[in-house]
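# Architecture at a glance
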Amino acid sequence: MLVELTRFKVKNGKTAELDKWMDLLNEHMDQVLLTLEDEKMYVETIFREVLEGEEFLYWYSVQGEDGIEVTNSAHEIDQLHLQYWEECIDSDFKPVDLETKVVMIPKNIRKMML
């Protein structure tokens, strides 16, 4: 099981597009959840922060092994998700993977995930 938290920088001037992206995911959650099964993604959460005038997204995930990559997905919602990613995420900023120190998932929940 892989537990991650990664920070990505949003391109300057893309706040409105970012709003549309997050709205798209929330409004089509039934489709989004179907794609998570293919990725063996048990939990995926996106956080948003503005820090010293810069906007960031944080991806928190708990994922199993051998899932497909979102870039290989045939789901239409994933294709839209990737289009927004290209438009909104600053590829010049190196993503920051925060270090996992403690994972607190009860055994009965872990068992259900695996």
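In short, a report on the structure.

So, on to the nonpolar core. By size, the foremost hydrophobic cluster in this structure holds 14 residues, and its most contacted members are L18, W21, M22 and L57. Breaking this core down by element, the ones donating at least two residues are α1 (15-27), β3 (54-63) and α3 (76-88). The element contributing the most residues to this core is α1, with five residues. Residues in contact with M22, not counting those within four places in the same chain, are I46 and L57.

Once that is clear, we can look at the sheet that holds strand β1 (residues 2-9). Backbone-to-backbone hydrogen bonds join strands into a sheet, with any given pair of strands oriented parallel or antiparallel. Pairing is antiparallel in the open sheet, where four strands are placed in the order β2-β3-β1-β4. Edge strands, defined here as strands with exactly one partner in the open sheet, are β2 (41-51) and β4 (96-97). Pairing between β2 and β3: ten bridges, direction antiparallel. Each bridged residue has a counterpart across the sheet, and for R48 the counterpart in β3 is L57. Set on the sheet, α1 makes contact with β2 and β3; between it and β3 the angle comes to about 25 degrees.

Taken N-terminus to C-terminus, the directions of α1 and α3 make an angle of 160 degrees; their axes are 10 Å apart at the nearest point. As summarised for this structure, α1 and α3 are arranged roughly antiparallel, according to the angle between their axes. For the crossing formed where α1 meets α3, the hand is left-handed. Across the interface between the two elements, E17, L18, K20, W21, L24 and L25 from α1 touch I77, L80, H81, Y84, W85, E87 and C88 from α3.

Reading guide: rules and limits
Residues numbered from 1 in each chain as written. Predicted model: local features only at pLDDT ≥ 70, side-chain atom pairs only at ≥ 80, totals over all residues. Heavy atoms only, no water. Core = buried A, V, L, I, M, F, W, Y, C linked by side-chain atoms within 4.5 Å. Buried < 20%, exposed > 50% of the residue type's maximum accessible area, 1.4 Å probe, protein only. Helix = DSSP H or I, 4+ residues; strand = E, 2+ residues; numbered from the N terminus. Contact = heavy atoms within 4.5 Å. Pairing = 2+ DSSP bridges. Axes fitted to C-alpha atoms, helices over the stretch in contact; angles between N-to-C directions. Parallel < 35°, antiparallel > 145°, perpendicular 65-115°, else oblique. Left-handed = near helix turned anticlockwise from the far one by under 90°.

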